[in-house]
Amino acid sequence: MRRILVTGALGQIGSELVPALRERYGNENVVASDIRMPTGQDGADGPFEYVDCQRLHQIEVVLRRYDIDTIYHLAAVLSAVAETKPMVAWDVNMGSVYQVVEAARQHGCAVFHPSSIGAFGPTTPRDHTPQDTIQRPTTMYGITKVAAELLCDYYASRFRVDTRGVRLPGLVSYVAPPGGGTTDYAVAIFHEAVRHRHYTCYLRADSTLDFMYMPDAVRAMIEIMEADPGRLTHRNAYNITAMSATPASLTAAIRKYIPDFVIDYDIDPARQAIADSWPNSLDDSLARLDWDWAPRFDLDAMTADMLENIARRTKTARWGGGGRYAD
Ligand code: NAD
Ligand code: AKB
């Protein structure tokens, strides 16, 4: 049975990954941690620890206290916020991943690290972006993601730390709000469609990016850590994707359920520039070959599930300002 520490556990991914890990490995075997403290029911079904993962000692205390063997390292600053605070993003993203792999080396832990489509840049082939290709990102977020991919590979080859990871596309979910990324519109559009039948989008109608529904992403993060290491031709940063979408195609999918939904556009040049530097679609064939990765939700299935769940919760739901959406 694994004993797992999740860093940055109160964010968009951790809010769904922690319950999934607890269901699979047992509540007491999954320690959630963050630099924010849980509110309401967050983390109530298992251990929670304050861990600033820029501080090696704080990580080590928890690894020892709970006899941890696997770290899911989610703490980070996302792309849009990183462009407004590049030095903070460098410190948090690089400082935390370095302390985590170093703690893992000293304590014999495996590490999951989520990279991103943000690890690519404007000179990367945009369509069916290959697994191994040009990575010259033009954002601070992307720079930290490429460096972290390399650092995790280094710790795997140099110190035999079992580091594994995927390059996630924009994630769509209804449980927790996204944490300041370029792809956040693809979450907000569903909430605004249900509540107001109207959304003002900060990206152009034709901005094409890869997306994935959170249940698929959570499953991918568990499956890669359980994959047969003998089959893995890469340690880190497997391309994975579920769909390529635009604000216009999301709008069309939503209108099948909410025909009077209206979208208009007020372009944010900063986030548009980031989106324009990222691929249109990833080639995830190596993940499919090496560890049988396959998404279950396409655009229509995700849209139906998002709208149904948001409608169910919407009477008192609100943007949580960093917490969960309230039921
Ligand atoms: P998020 O912003 O929602 O959550 C990040 C969490 O990290 C927050 O709860 C924050 O309080 C915490 N944190 C920040 N600094 C910390 C520190 N020093 N120590 C401990 N905790 C700290 O992010 P997310 O969407 O859950 O993303 C998690 C990871 O997945 C990140 O590495 C992100 O780059 C990656 N990723 C996310 C997406 C996506 O669409 N959500 C896509 C690609 C990659
Ligand atoms: C962001 O937009 O920053 C994230 C990501 C794709 O890495 N959602």
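Everything discussed here concerns the structure shown above.
Now for a description of the structure that goes with this document.

Thresholds applied
Residues numbered from 1 in each chain as written. Chains lettered and ligands numbered in written order. Predicted model: local features only at pLDDT ≥ 70, side-chain atom pairs only at ≥ 80, totals over all residues. Heavy atoms only, no water. Near = heavy atom within 4 Å. Polar contact = N/O pair within 3.5 Å; in protein donor to acceptor, adjacent residues only side chain to side chain. Areas by Shrake-Rupley, 256 points an atom, 1.4 Å probe, with all protein chains shown as cover. Helix = DSSP H or I, 4+ residues; strand = E, 2+ residues; numbered from the N terminus. Axes fitted to C-alpha atoms, helices over the stretch in contact; angles between N-to-C directions. Parallel < 35°, antiparallel > 145°, perpendicular 65-115°, else oblique. Left-handed = near helix turned anticlockwise from the far one by under 90°. Contact = heavy atoms within 4.5 Å. Nonpolar A, V, L, I, M, F, W, Y, C, P; charged D, E, K, R; others polar. Disulfide = S-S within 2.5 Å. Buried < 20%, exposed > 50% of the residue type's maximum accessible area, 1.4 Å probe, protein only. Core = buried A, V, L, I, M, F, W, Y, C linked by side-chain atoms within 4.5 Å. Pairing = 2+ DSSP bridges.

Here we look at the site of ligand 1
Not every one of the 27 residues close to ligand 1 is listed here, only the nearest: Gln12, Asp34, Arg36, Tyr141 and Lys145. Within the contact set of ligand 1, an oxygen atom lies 2.9 Å away from a backbone nitrogen or oxygen of isoleucine 13. Glutamine 54 has a polar side-chain atom sitting 3.4 Å from a nitrogen atom of ligand 1. Against a free-state accessible area of 840 Å², the protein chains account for coverage of 93% of ligand 1. Where the shell around ligand 1 is concerned, the elements lending two or more residues are strand 5 (110–116), helix 5 (140–159) and strand 7 (170–172). Top contributing element to the shell around ligand 1 by residue count: strand 5, with three residues.

Describing the packing of helix 6 (residues 185–196) against helix 8 (residues 247–255)
Where helix 6 meets helix 8, the closest approach of the two axes is 11 Å, and the angle between their N-to-C directions is 30°. On the basis of the axis angle, helix 6 is roughly parallel to helix 8. The interaxial crossing formed by helix 6 with helix 8 has right-handed handedness. Across the interface between the two elements, Tyr185, Ala186, Ile189, Phe190 and Ala193 of helix 6 pack against Pro247, Leu250, Thr251 and Ile254 of helix 8. Split by residue class, the contact of helix 6 with helix 8 holds eight nonpolar, one polar and no charged.

Some remarks on the state of the cysteines
Counted under the stated rule, the structure contains zero disulfides. Cysteine 53 forms no disulfide, and the closest cysteine sulfur to it belongs to cysteine 152, at a distance of 13 Å. Assessed through its relative accessible area of 0%, cysteine 152 is described here as buried.

Some points on the nonpolar core
Judged by nonpolar contacts, the single largest core of 41 residues is most densely connected at Tyr185, Phe190, Tyr199, Leu250 and Met302. Of all the secondary-structure elements, those providing two or more residues to this core are helix 4 (86–107), helix 6, strand 8 (198–201), strand 9 (209–213), strand 11 (243–245), helix 8, helix 9 (269–276) and helix 11 (299–313). Looking at this core, the element that brings in the most residues is helix 6, giving seven residues. With near-sequence residues (within four places) excluded, leucine 250 lies in contact with Tyr185, Ala186, Ile189, Phe190, Ala245, Leu299 and Met302. Among the nonpolar cores identified, the runner-up in size contains 35 residues, and Tyr72, Ile222, Ala227 and Trp291 belong to it.

What to know about the packing of helix 4 against helix 5
Where helix 4 meets helix 5, the axes come as close as 10 Å, and the angle between the chain directions of the two elements is 15°. Considering the angle they form, helix 4 stands roughly parallel to helix 5. The way helix 4 lies across helix 5 gives a crossing that is right-handed. Contact residues: Pro86, Ala89, Trp90, Asn93, Met94, Val97, Tyr98, Val101, Glu102 and Arg105 in helix 4; Met140, Tyr141, Ile143, Thr144, Ala147, Ala148, Leu151, Cys152, Tyr155 and Phe159 in helix 5.

Description of the sheet that holds strand 9
Strand order in this open sheet of three strands is 7-9-11, and the pairing throughout is mixed. One side of each edge strand has no neighbouring strand; the edge strands of this open sheet are strand 7 and strand 11. For this sheet the average axis-to-axis angle between neighbouring strands, irrespective of direction, equals 45°. Across the sheet, helix 7 (residues 214–226) touches strand 7 and strand 9, and the angle it forms with strand 9 is around 85°. In the packing of helix 11 onto the sheet, contacts are made with strand 7, strand 9 and strand 11, and the angle to strand 9 comes to roughly 55°.

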